[in-house]
Amino acid sequence: MRLAQLGVTRMLYRNAQAGSLESGDVMVRVSPCEEDEVSIHIESKVSPRFSNAIRNTVRQTAQELGVRNARFEIIDHGALDFVLRARVTTALKRAMEAPTNA
Amino acid sequence: MAINAVGREVPTYVEGLGEFRPYAGVFATPPKGRRFGPTIRRTGGKKLLPSLRAAIEASGLKDGMTISFHHHFRNGDLLVNRVVNEIAAMGIKDLTLAASSLQSIHKEIIPHIRSGVITAITTSGLRGELAEVLSREVLLKAPVMIRSHGGRVRAIESGELKIDVAFIAAPNADEYGNLNGINGPTACGSLGYAFADAQYAECVVAVTDTLVPYPAIPISIPQTQVDYVVVVDKVGDPQGIMSGVTRLTRDPMELLIAEKACRVIEASGLFREGFSFQVGAGGSSLAVARFLRERMAATGVRGRFATGGITGYIVGMLKDRLIDAILDTQCFDLVAVESLRDDPRHVEMSASFYANPHTKTCTSDILDIMMLGATEIDLDFNVNVMTGSDGIMMGASGGHPDTAAGAKLRLVTAPLIRGRFPIVVDRVHTVVTPGECIDALVTQYGVAVNPRNPELKARLKDAGIDTVSIEELQERAERLTGKPEELALGDEIVALIEYRDGTLIDTVRRVI
């Protein structure tokens, strides 16, 4: 059962990243933001033809994990959709880890 | 505007360039008229001038004229930038730059385009920053004319492209203008693309860094065509051609594609004693030569000749007597340069001899097997090698449409996906070579035979090679990549794609 379907909202505690700058991969950087919104900045050579696809995948993946407030920086080198999804998921999970000691 | 035979809308008149006929089919538009002849001139005995500026002055270059260059140094070319800088310093404006091709090193001319020194360009290729600027902004008085190697020489010989001053980068020359590309510290090999410039330009300036005693032998371009000779420190950087020896790819996907292509060749019926072929210098195309070579050794079938841009790998096949001759318009590495110099079976060939559709016979019409590349190919098998998937110019027409028109087996090799872009698309962004000229597409996911060639399909079936439809390949690619979104384009035409016969096959619109 997806968290979002249970109406759960997950908090991001820290900045996190996943992925790499290799060709075919994507670097996803995510940080918590105050406002209740998901903002996405995309840097990609394929963005003239795939920016909507990238945006939708990031938004959808965040939603599925119950994340409503996050700022994404996507540095893409032609990653296929499943790669992007995996990188966004990992970055979000890392960002959700509660701080060990303040 | 008119709709041409590949369904593209092309202009019938362009301000500054004149009238055009739409592309009507591969050999549908026959030649007409007479060959152009430059003014008869006698330069006499005093040709050696002290500087490039002195030569430009002596040439009589004025506002509005056309200057030409050849691209044998590829990205190691030093002459275009140098001459254009000099011309700009002299205050001459409004010139047409007629280069056989332009590379990323030529971004240095961008300021001279902005300032109106260069106001029109015709070339086979555009790359790097120069290509990007010309794709995004309307800076020239007329769209860039993209011509194939055969199309360029056709335009020169017919007088459509009149050259006022041709600059020839000569790795060695004598003071009367005899020159060749195979001797001297900056030897670049064949000068095939410069022959027409030397023969048809009103004035020819040979620029060399190695002046030798008369006569410079062997003579590629003769004293009878050259007006002035200038000595500079360096005409080009041979390392820019491609360093030393071209290496074969070790990319397993490219090797897989090449191996499949080789199986198609063997099954096609054209792999037989005395066959001829051309492969490119890069990726899977050159790797096809490796697999061909293995099959030649295994079966005892020998080839007769290879053509085109030549690499050390093809030279190796000549040395091992797997082929008897090489016809060379351009050396792609220094092994090829050495071979052209030392081996009489390796022959320099002009662009007209190679690919001019309006000459009595060109070599591309005799070729058996041609390996072609593609940035995109569509469901009609039309091929784009000029613009990237972002609509920006990044490639060259080159010999692609020429060899595809003439050769008996025309195979496109390409990975099914490049970056995130599917190679098979509904409609290519830019048609350079019509699908009528393509027999099959070979990808790592399978071979799609053009329905126009049922005989090839039957032969592959008999040989046990599975084929797929090009639609299936597209679907397979899009399952992985998703369907690309539409590009945002302006109304302005930034380049015209001329087919080799002088008709218009497509246009390139400004990228927003």
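Residues numbered from 1 in each chain as written. Chains lettered and ligands numbered in written order. Predicted model: local features only at pLDDT ≥ 70, side-chain atom pairs only at ≥ 80, totals over all residues. Heavy atoms only, no water.

Structural notes on the side chain of Ser100 of chain B
Looking at the secondary structure, you find Ser100 of chain B in the loop between strand 7 (95-99) and helix 3 (110-114). The contacts of Ser100 of chain B, once residues within four sequence positions are left out, are Phe69, His70, His71, Thr123, Ser124, His149, Arg152 and Tyr193 of chain B. (Helix = DSSP H or I, 4+ residues; strand = E, 2+ residues; numbered from the N terminus. Contact = heavy atoms within 4.5 Å.)

Re the packing of helix 8 (residues 283-299) of chain B against helix 9 (residues 312-319) of chain B
All names here are of chain B. Direction vectors running N to C along helix 8 and helix 9 enclose 20°, while the axes themselves pass 10 Å from each other. By the angle between their directions, the pair helix 8 and helix 9 is classed as roughly parallel. As for the relative orientation of helix 8 and helix 9, their crossing is left-handed in sense. Counting all contacts with helix 8, which are made through Leu286, Ala289, Arg290, Arg293 and Met296, the residues of helix 9 involved are Tyr313, Ile314, Gly316 and Met317. (Axes fitted to C-alpha atoms, helices over the stretch in contact; angles between N-to-C directions. Parallel < 35°, antiparallel > 145°, perpendicular 65-115°, else oblique. Left-handed = near helix turned anticlockwise from the far one by under 90°.)

Quick word on the pairing of strand 19 (residues 369-372) of chain B
Residue and element names in this part refer to chain B. Both faces of strand 19 are covered, namely the face carrying Ile369 and Met371 and the face carrying Met370 and Leu372. Alignment of strand 19 against strand 22 (residues 409-413), held across four bridges, turns out to be parallel. Bridge pairing in strand 22 places Ile369 opposite Leu409. (Buried < 20%, exposed > 50% of the residue type's maximum accessible area, 1.4 Å probe, protein only. Pairing = 2+ DSSP bridges.)

Let's talk about the domain arrangement of chain B
All names here are of chain B. Parsing chain B into structural domains produces domain 1 (45-240) and domain 2 (252-487). Computed from C-alpha coordinates alone, the two centres of domain 1 and domain 2 are separated by 29 Å. Across the boundary between the two partners, domain 1 contributes 34 residues, which contact 30 residues of domain 2. The junction of domain 1 with domain 2 conceals about 2,500 Å² of combined surface from both sides, 60% of it contributed by carbon and sulfur atoms. Contact with domain 2 buries area across many residues of domain 1, yet Ile182, Ser190 and Tyr193 alone supply 20% of it, more than any other trio. Scanning the region where domain 1 abuts domain 2 turns up zero salt bridges. At the level of secondary structure, the elements contributing two or more residues to the side of domain 1 that touches domain 2 comprise helix 4 (128-136) and helix 5 (149-158). Take the side of domain 1 that touches domain 2: its biggest share by element is six residues, from helix 5. (Domains from an automatic or database assignment. Buried area = accessible area lost by both parts, 1.4 Å probe. Salt bridge = Lys/Arg side-chain N within 4 Å of Asp/Glu carboxyl O.)

Examining the sheet that holds strand 14 (residues 228-231) of chain B
Residue and element names in this part refer to chain B. The mixed open sheet is built from 10 strands, whose spatial order is 5-14-13-10-6-7-8-9-29-30. Strands with a single pairing partner mark the edges of an open sheet, and in this sheet they are strand 5 (48-49) and strand 30 (504-511). Across four bridges, the pairing between strand 13 (residues 203-208) and strand 14 is parallel. The residue of strand 14 that forms the bridge with Thr208 is Val231. Sitting on the sheet, helix 2 (residues 79-90) is in contact with strand 6 (66-69), strand 7, strand 8 (118-123), strand 10 (165-170) and strand 13, with an inclination near 155° to strand 6.

Some details on the sheet that holds strand 16 (residues 303-310) of chain B
All names here are of chain B. On the basis of which strands lie adjacent, the open sheet formed by nine strands has the order 18-17-16-15-19-22-26-27-28 and mixed pairing. Pairing within the sheet leaves two strands with one partner each, and these edge strands are strand 18 (346-348) and strand 28 (467-468). Bridge count between strand 26 (residues 440-443) and strand 27 (residues 446-449): four bridges; the pairing is antiparallel. Across the sheet, the residue bridging to Thr443 is Gly446, located in strand 27. Helix 9 contacts strand 15 (275-278), strand 16, strand 17 (325-331) and strand 18 of the sheet and is inclined by roughly 160° relative to strand 17.

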